[in-house]
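Survey of secondary and tertiary structure
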Amino acid sequence: MNYSLNSLPAREVKPRERGFTMAMDKGLSIREVEDFLEVAGEYVDIVKLGWGTSYVVPNLEKKLDVYRAAGIPTYFGGTLFEAFIVRNQFDDYRRVLDKYKMTFAEVSDGSIELDHDLKCGYIKTLAEQVTVLSEVGSKDAEKIIPPYKWINLMQAELDAGAWKVIGEAREGGNVGLFRSTGEVRSGLVEEILTKIPFEKIIWEAPIKAQQVWFVKLLGANVNLGNIAPSEIVPLETVRLGLRGDTFFHFLNQETGNLKDC
Amino acid sequence: MNYSLNSLPAREVKPRERGFTMAMDKGLSIREVEDFLEVAGEYVDIVKLGWGTSYVVPNLEKKLDVYRAAGIPTYFGGTLFEAFIVRNQFDDYRRVLDKYKMTFAEVSDGSIELDHDLKCGYIKTLAEQVTVLSEVGSKDAEKIIPPYKWINLMQAELDAGAWKVIGEAREGGNVGLFRSTGEVRSGLVEEILTKIPFEKIIWEAPIKAQQVWFVKLLGANVNLGNIAPSEIVPLETVRLGLRGDTFFHFLNQETGNLKDC
Amino acid sequence: MNYSLNSLPAREVKPRERGFTMAMDKGLSIREVEDFLEVAGEYVDIVKLGWGTSYVVPNLEKKLDVYRAAGIPTYFGGTLFEAFIVRNQFDDYRRVLDKYKMTFAEVSDGSIELDHDLKCGYIKTLAEQVTVLSEVGSKDAEKIIPPYKWINLMQAELDAGAWKVIGEAREGGNVGLFRSTGEVRSGLVEEILTKIPFEKIIWEAPIKAQQVWFVKLLGANVNLGNIAPSEIVPLETVRLGLRGDTFFHFLNQETGNLKDC
């Protein structure tokens, strides 16, 4: 850090299981990736190439090399997995993962209907090839999954071999964990956490108010995802209480010392 | 493309009259233009230098060279044309187009009141010098033009020599084709299309929900404009059904094969 | 300028006390700073490193050098000052300013409760070391300060040695000068201006509608702050009447000549 400030919350360092940040690359150029890593390389743990953007970008191979050289793993967004599944091209998908030497993959059913045993089967199969992130929650704002079911789905997917599970929110932060207004379904989050270990969940939280909400509920070292590259540094300040939104969350207002939180 | 996926809608390739994408540059640096073209060069057909930004940017000449070298035409936003007209400097405007070797120009009346015969006269005169895009619709949210009049205006401007007509929405996507909430005036669009050929219209649609609406109504190869440089790749995935929003639009949900749409 | 347009409002040039633009850097890379300055260097007068971002960015020293070489002063956001104060580390803060050779600093109480005499004391002390910007207004949307009090606070802070005072709005433009909807508290602004000199105030106005509102009320050469780097060029066109929003503000609709405004 550039200078010394007392009473900051302790932040996990890399490689970390908690306080993990997943960024969303939806079509950066090579120089933009380099710029992003110059500033935020220490704070980002994994990068998702959003939905099917990896199909259309002309710099895919080179971009993956740049991330790899920086020691930051990448994976294709779950919508791409679903695009292969719905076309009965699962084997092709596995070959694509090999072709691009991917070490992570996402299994999701945000757009398609997928029998849950079948979904867990895909997780199991892919887990032999790569580290699997699985995602729970629909991209359809109309589909409300009750909390007990979120929990059952998450547990089954972890049991099937998922390394971590992701709570769906999309790039817009307006479905799944969130109401269409962007407001957090807080009862849902709290109930999930009674059963699924904290470090096993990555919460998609693209909007600042959502990041603040999670940091206030779960602390500096909550796992957050779908963060825009330019928002990684701002998020880091939210985690540390160095932005107005969480300024007093970690700090005793009278003494300026760290609170127990 | 980077890998093979079945049953994707057919996309027109360059040079194309349909499936055309117009991007908005509102003050990019030279490197930012290069980065933009690295990623989206194949998907962008023309670039608008938004409103009067070309007056203030210090890198205009060099930037135009970079676009030219990439084979992507550019034009000054219609507000600049109007700024010259309202000051009785039309001849100066023509000299500016020459000075910068522009091959396209926009004629619009989004901010000024312009007699329509006069507007068509400007189109006719400029069409001898450059390829003309003309724009219909006011930037004033209060001015609602009824559908039959949109059609008459568009037809007269095409007759006067406009290559294509643009449906106004601004950078914010909240006037003209759209209600102030950003919602599409869908009856208006459908009525226009009963009279004006599909490929003759560029719809300004800066917001994702608007792009999705147009792709769902008019297919992968609808002409769209006012797209931010960083949103060209995401738009391309919307066109191809590789983002949640249009995932099943082109695809039969049961078979995973292409639908007729 | 790239070409000649009649009847544009006169813009102050650097170094300027009026028509001043403060930009917000919340974690740019070195190349992004260079790109920003290539395009907007002439239009930006000072750059704020937002809140505590300077603590976490790994390129701080080098970035400050780039700004310095371009003749653009920088300062740390007021939240950082507050983070040192609340921890009783004011002397450390002064040493940080020295270490980074800062020539400007901000004194604010947007997040902390600070006795106003004490705040003025900090302004006075820091004014011996650097040029001080002081900020009035809370980051808490619930705290509404009545206009007479804004005036008293601003006057006292100028008397204590602040070079200019800043009206709080945050990056989101939704507190302080603005209602939570982003709407301007216009009565407040007008009342402040009956007592505090125009050129002594920098209005935070991150959202375009807010910038337009200030330019319409106070002219091309109003001092505005918290502008995103990519919005500096667009703001310059708003100041000059070269964007739809202020197109006729400076211009007589009939003659196309400059209005008295």
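Residues numbered from 1 in each chain as written. Chains lettered and ligands numbered in written order. Predicted model: local features only at pLDDT ≥ 70, side-chain atom pairs only at ≥ 80, totals over all residues. Heavy atoms only, no water.

- Chain A appears in an unreviewed UniProt entry as Phosphosulfolactate synthase from Pontibacter arcticus.
- Per UniProt, the comment on chain A under Sequence similarities (unreviewed entry) is "Belongs to the phosphosulfolactate synthase family." (UniProt positions renumbered as here; feature names shortened; annotations may be inferred.)

1. Focus: the relation of the copies chain A and chain B
- By a simple turn and slide, chain A fits onto chain B: the slide is 0.0 Å along the axis, the RMSD is 0.0 Å, and the turn is 120°. Here the symmetry operator amounts to a three-fold rotation axis.
- In this assembly the copies use different faces: only 3% of the residues contributing to the interface of chain A also contribute to that of chain B. (Least-squares fit on C-alpha atoms with pLDDT ≥ 70 in both. Contact = heavy atoms within 4.5 Å.)

2. Regarding the relation of the copies chain A and chain C
- Take chain A, turn it by 120°, move it 0.0 Å along the axis, and it overlays chain C with an RMSD of 0.0 Å.
- A low fraction, 3%, of the interface residues of chain A reappear at the interface in chain C, so the copies pair through non-equivalent surfaces.

3. A short note on the interface of chain A and chain B
- The interface is formed by 34 residues belonging to chain A together with 31 residues belonging to chain B.
- Buried area between chain A and chain B, summed over both chains or domains, comes out near 2900 Å², and the portion from carbon and sulfur atoms is 56%.
- Put simply, chain A and chain B have three salt bridges between them.
- At the junction of chain A with chain B, the criterion picks out 20 residue pairs in polar contact (both at pLDDT 80 or more).
- Of all the elements in the fold, those that place two or more residues in the side of chain A that touches chain B are helix H1 (30–40), helix H2 (53–56), helix H4 (78–86) and helix H5 (90–99) of chain A. (Buried area = accessible area lost by both parts, 1.4 Å probe. Salt bridge = Lys/Arg side-chain N within 4 Å of Asp/Glu carboxyl O. Polar contact = N/O pair within 3.5 Å; in protein donor to acceptor, adjacent residues only side chain to side chain. Helix = DSSP H or I, 4+ residues; strand = E, 2+ residues; numbered from the N terminus.)

4. What to know about the sheet that holds strand S1 (residues 21–25) of chain B
Residue and element names in this part refer to chain B.
- Strand order in the open sheet made by the eight strands is S3-S2-S1-S8-S7-S6-S5-S4, with parallel pairing throughout. What marks the edges here is a single partner per strand, and that holds for strand S3 (74–76) and strand S4 (104–107). Between one strand and the next, the sheet's axes are offset by a mean angle of 25°, whatever the strand orientation.
- The pairing of S1 with strand S8 (residues 224–227) spans two bridges and is parallel. Bridge pairing links Thr21 to Leu224 in S8.
- Here helix H6 (residues 116–127) sits on the sheet in contact with S4 and strand S5 (131–136), set at roughly 160° to S5.
- Against the sheet, helix H7 (residues 147–159) contacts S5, strand S6 (164–167) and strand S7 (201–204), and its axis sits at roughly 170° relative to S5. (Pairing = 2+ DSSP bridges. Axes fitted to C-alpha atoms, helices over the stretch in contact; angles between N-to-C directions.)

5. Overview of the packing of aromatic side chains
- Evaluation of the coordinates by the stated rule reveals 45 aromatic pairs over all chains.
- Residues B:Phe76 and C:Tyr3 carry aromatic rings whose centres are separated by 6.4 Å and whose planes lie at 45° to one another, so their mutual orientation is tilted. Remark: C:Tyr3 occurs in the segment before strand S1 (21–25) and B:Phe76 occurs in strand S3; the pair is interchain, linking two chains.
- Assessed through its relative accessible area of 1%, B:Phe76 is described here as buried.
- What makes C:Tyr3 buried here is its relative accessible area of 8%.
- When the centroid spacing of 5.1 Å and the interplanar angle of 25° are considered together, the rings of C:Trp203 and C:Phe214 count as stacked. Of this pair, C:Trp203 sits in strand S7 (residues 201–204) while C:Phe214 sits in helix H9 (residues 208–218); the two residues are 11 residues apart in sequence, bridging distant segments of the chain. With respect to burial, C:Trp203 and C:Phe214 carry one shared label: buried. (Phe/Tyr/Trp six-rings, centres within 6.5 Å; stacked < 30°, edge-to-face > 60°. Buried < 20%, exposed > 50% of the residue type's maximum accessible area, 1.4 Å probe, protein only.)

6. Side note on the pattern of salt bridges
- Taken as a whole and judged by the stated rule, the model has 49 salt bridges over all chains.
- Ionic pairing is found between A:Asp35 and C:Arg31, a salt bridge with its closest N-O pair at 3.1 Å. Here the residue A:Asp35 occupies a position in helix H1, and C:Arg31 occupies one in helix H1 (residues 30–40), the pair thus bridging two chains.
- You can call A:Asp35 buried: its relative accessible area is 6%.
- C:Arg31 gets classed as partly exposed once you look at its relative accessible area, which sits at 22%.
- A salt bridge links A:Lys119 to A:Glu157; its shortest N-O distance comes to 2.9 Å. In this pair, A:Lys119 is assigned in helix H6 (residues 116–127) and A:Glu157 in helix H7 (residues 147–159), connecting sequence segments 38 residues apart. Neither residue differs from the other here; A:Lys119 and A:Glu157 are each classed as buried.
- Among the charged side chains, a network of salt bridges with common partners joins A:Arg11, A:Glu236 and A:Arg239.

7. Quick look at the interface of chain A and chain C
- With 31 residues of chain A at the interface, the matching set in chain C holds 34 residues.
- Contact with chain C buries surface across chain A, with A:Asn2, A:Tyr3 and A:Phe247 losing the most and accounting together for 25% of the total.
- Between the two partners, chain A and chain C, sit three salt bridges.
- Note that A:Glu231 and C:Lys26 form a salt bridge whose closest N and O atoms lie 2.4 Å from each other.

8. Points about the environment of B:Tyr100
- Mapped onto the secondary structure, B:Tyr100 falls in the loop between helix H5 (90–99) and S4.
- Residue classification places B:Tyr100 among the buried residues on the basis of a relative accessible area of 4%.
- Linking B:Tyr100 and B:Asp65, residues 35 residues apart in sequence, is a C-alpha distance of 9.6 Å.
- Apart from residues lying up to four places away in sequence, B:Tyr100 is in contact with B:Leu60, B:Glu61, B:Leu64, B:Arg68, B:Phe76, C:Asn2 and C:Tyr3.
- Polar side-chain contacts of B:Tyr100 include one of 2.9 Å to the backbone oxygen of C:Asn2.

9. Concerning the packing of helix H8 (residues 186–193) of chain C against H9(C)
Residue and element names in this part refer to chain C.
- One way to put it is that H8 packs onto H9 with a least axis distance of 12 Å and a crossing angle of 40°. By the angle class used here, H8 and H9 are oblique. Helix-helix and strand crossings are classified by hand; for H8 and H9 the assignment is right-handed. Residue-level inspection shows Ser186, Val189, Glu190 and Leu193 of H8 in contact with H9, the latter providing Trp213, Phe214, Leu217 and Leu218.
- For the contact of H8 with H9, the class distribution of residues is six nonpolar, one polar and one charged. (Parallel < 35°, antiparallel > 145°, perpendicular 65-115°, else oblique. Left-handed = near helix turned anticlockwise from the far one by under 90°. Nonpolar A, V, L, I, M, F, W, Y, C, P; charged D, E, K, R; others polar.)

10. What about unusual backbone geometry?
- Each neighbour pair has its own omega, and for B:Lys14 with B:Pro15 the value is -10°, a cis peptide bond.
- Residue placement: B:Pro15 occurs in the segment before S1.
- The backbone of A:Asn226 shows a phi angle near 60°, a positive value even though the residue is not glycine.
- Locating A:Asn226 in the fold gives a position in strand S8 (residues 224–227).
- Despite not being glycine, C:Lys101 shows a phi value in the positive range, around 55°.
- Topologically, C:Lys101 is positioned in the loop between helix H5 (90–99) and strand S4 (104–107).
- You can call C:Lys101 exposed: its relative accessible area is 58%.

11. Some thoughts on the sheet that holds strand S3 (residues 74–76) of chain A
All names here are of chain A.
- The strand order across the open sheet formed by eight strands is S3-S2-S1-S8-S7-S6-S5-S4, and the pairing between neighbours is parallel. Edge positions in the sheet fall to S3 and strand S4 (104–107), since each has one partner strand and no second. Geometrically, the sheet is characterised by an average inter-axis angle of 25° between neighbouring strands, direction not taken into account.
- By the bridge criterion, three bridges tie strand S2 (residues 46–49) to S3 in an arrangement that is parallel. Along S3, the bridge assignment pairs Val47 with Thr74.
- Lying over the sheet, H6 contacts S4 and strand S5 (131–136), oriented at roughly 160° with respect to S5.

12. A look at the pairing of strand S8 (residues 224–227) of chain C
Residues and elements named next belong to chain C.
- Here two bridges tie S7 to S8, and the two strands are oriented parallel to one another. Counted as the bridge partner of Trp203 is Leu224 from S8.
- One crossover worth recording links S7 to the parallel S8 by way of H9, and it is right-handed. (Right-handed = clockwise from strand over helix to strand, strands pointing away.)

13. A word on helix H10 (residues 232–240) of chain C
- Among the nine residues of H10(C), nine are classified as buried, and the element is accordingly described as predominantly covered.
- Turning to H10(C), its buried residues are C:Ile232, C:Val233, C:Pro234, C:Leu235, C:Glu236, C:Thr237, C:Val238, C:Arg239 and C:Leu240.
- Structurally, H10(C) contributes buried residues whose contacts are with helix H2 (53–56) of chain B together with S1, H1, H9 and S8 of chain C.

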